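What the coordinates show
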Amino acid sequence: MDLNRVQIFSQVVEQGSFTGAAKALGITKATVSRKVAELEADAGVLLLFRTTRSLKLTEAGSSYYHRISKILQDLQNAEDLLSASQQDIKGNLKVICPIELGQLYLGRILARFLATYPNITIDAELTNRKVDVIEEGVDFLFQITEQHDPKLQSYSLVTASRQLMASPSYLKRHGAPATPQDLMNHTAIKLQSAHIDGGWRIFDGIKWLDLDPSAQLKVNNVTFAREAAIEGLGITAVPVFIAQEAIDSKQLLPVLEDFPMMQTKVTLSFPKRIYLPRKYRVFIEFLYDALFQRWGDGVLEIPDFIVQNNHN
């Protein structure tokens, strides 16, 4: 039995096309087409109806797919179980995270992790683009978001508290807003990206308001927004840990401190597995150890297998 052909057929069904399967598997479309044709020829039965626009499973194809998808999942679980019992922890991890979170916080954690596990390698990408974890073969995705993808295992790590702020020069020219509604008369510096929820949701003491003041600048990077605010362009809302130095040095002044903003969270997501590969488990354990040291009781969701060593 050519297990390769079986996996290729399964991917064609899951991706909905030969092109999608080829991309997901990192092989050519011609190879995908040939392997599926070989499978059909050896079985003597048509598995897929092909049209110029779409693929549809035949009755035999549907029955075959449901049986093999269970078998392939069992094989993946067996491999994960083998990996979970491996004493010499090795392998590669593909990690994606927002640019600023990576620069300010994760860089040092990942460096310490790699020093502890010299046989693990990491490919880290810092980006604010939208990421498809499954299709891109990503092991761990960090985001600043409230949303969870049901296809992934996700944990909210810590709150990324946000605050409205502006430079003294801007506030001197335009005055400080006294109520959330006053923001509509100000210039905003807006954040927009797949990783960052840039909306201004503010509690006015009675209800939550969604405010959308006019913005002369929209950007997908919070450090950029912070720097533009220091320069006096307008009011921005960025995570406090990004702006703490500028606030301490009075380059930026918090505004509307009595009116809380809707907070976002730093989340960790990874593909769902019955058995966590050992390299996944040690990475998550190491990460949580660092989180407990820095945030203590502020850590939000903790996987069952994590032991808190009384950091808090």
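All figures in this text were calculated on a predicted structure; none of them were measured in a lab.

**Things to note about the packing of aromatic side chains**
Each aromatic ring pair is described using two quantities: the centre-to-centre distance and the angle formed by the ring planes. In this structure the tally under the stated criterion is 12 aromatic pairs. A ring pair is formed by Phe 113 and Phe 283, whose centres lie 5.3 Å apart and whose planes are at 85 degrees; its orientation type is edge-to-face. Of this pair, Phe 113 sits in helix 5 (residues 99-116) while Phe 283 sits in helix 9 (residues 278-295), and the two are 170 residues apart along the sequence. Of the two residues, Phe 113 and Phe 283, neither departs from the other in class, the shared state being buried. Clustering of aromatic rings is evident, with ring pairs tying together Phe 113, Tyr 117, Phe 140, Tyr 155, Phe 270, Tyr 280, Phe 283 and Phe 286. Its guanidinium or amino end placed over the ring of Trp 295, Arg 294 lies 4.5 Å from that ring's centre, counting from NZ or CZ.

**Description of the sheet that holds strand 13 (residues 253-254)**
The strand order 11-8-12-7-13 describes an open sheet built from five strands, whose pairing is mixed. The outermost strands of the open sheet, each flanked by one partner alone, are strand 11 (215-219) and strand 13. By the bridge criterion, four bridges tie strand 8 (residues 188-191) to strand 11 in an arrangement that is parallel. Across the sheet, Ala 188 pairs through a bridge with Ala 215, a residue of strand 11. Its contacts with the sheet place helix 8 (residues 240-248) against strand 7 (162-166), strand 12 (235-239) and strand 13, and it is angled at close to 120 degrees to strand 12.

**Details of the sheet that holds strand 4 (residues 120-126)**
With mixed pairing, the five strands of this open sheet are ordered in space as 4-3-5-14-6. Two strands close off the open sheet at either side, each with one partner strand: strand 4 and strand 6 (152-160). Averaged over all neighbouring strand pairs, the angle between strand axes comes to 20 degrees, with direction disregarded. Pairing geometry for strand 3 (residues 91-97) and strand 4, over seven bridges, is parallel. When the bridges of strand 4 are listed, Cys 97 appears paired with Leu 126. Taken strand by strand, helix 5 contacts strand 3, strand 4, strand 5 (140-144) and strand 14 (264-271), and its axis lies near 175 degrees from that of strand 4.

**Side note on the packing of helix 2 (residues 18-25) against helix 3 (residues 29-43)**
Contact geometry of helix 2 with helix 3 gives a least axis separation of 8 Å together with a crossing angle of 110 degrees. Overall, the two elements helix 2 and helix 3 adopt an arrangement that is roughly perpendicular. Relative to helix 3, helix 2 is oriented so that their crossing is right-handed. Here helix 2 contributes Phe 18, Thr 19, Ala 21 and Ala 22 to the contact with helix 3, which in turn contributes Lys 29, Val 32, Ser 33 and Val 36. Its residues placed into classes, the contact of helix 2 with helix 3 shows five nonpolar, two polar and one charged.

**Digging into the side chain of Arg 162**
By the element assignment, Arg 162 lies in strand 7. At 3.5 Å, the side chain of Arg 162 forms a polar contact with the backbone oxygen of Met 262.

**Things to note about the packing of helix 1 (residues 3-15) against helix 3**
Two elements in contact, helix 1 and helix 3, have axes whose closest approach is 9 Å; the angle formed by their N-to-C orientations is 110 degrees. The orientation of helix 1 relative to helix 3 falls into the category roughly perpendicular. At the point where helix 1 passes helix 3, the crossing takes the left-handed sense. Of the residues in helix 3, those touching helix 1 at Arg 5, Ile 8, Phe 9 and Val 12 are Val 32, Lys 35, Val 36, Glu 38, Leu 39 and Asp 42. Of the residues that constitute the contact of helix 1 with helix 3, the class distribution is six nonpolar, no polar and four charged.

How each quantity is defined
- Residues numbered from 1 in each chain as written.
- Predicted model: local features only at pLDDT ≥ 70, side-chain atom pairs only at ≥ 80, totals over all residues.
- Heavy atoms only, no water.
- Phe/Tyr/Trp six-rings, centres within 6.5 Å; stacked < 30°, edge-to-face > 60°.
- Helix = DSSP H or I, 4+ residues; strand = E, 2+ residues; numbered from the N terminus.
- Buried < 20%, exposed > 50% of the residue type's maximum accessible area, 1.4 Å probe, protein only.
- Lys NZ or Arg CZ within 6 Å of the ring centre and 35° of its normal.
- Pairing = 2+ DSSP bridges.
- Contact = heavy atoms within 4.5 Å.
- Axes fitted to C-alpha atoms, helices over the stretch in contact; angles between N-to-C directions.
- Parallel < 35°, antiparallel > 145°, perpendicular 65-115°, else oblique.
- Left-handed = near helix turned anticlockwise from the far one by under 90°.
- Nonpolar A, V, L, I, M, F, W, Y, C, P; charged D, E, K, R; others polar.
- Polar contact = N/O pair within 3.5 Å; in protein donor to acceptor, adjacent residues only side chain to side chain.

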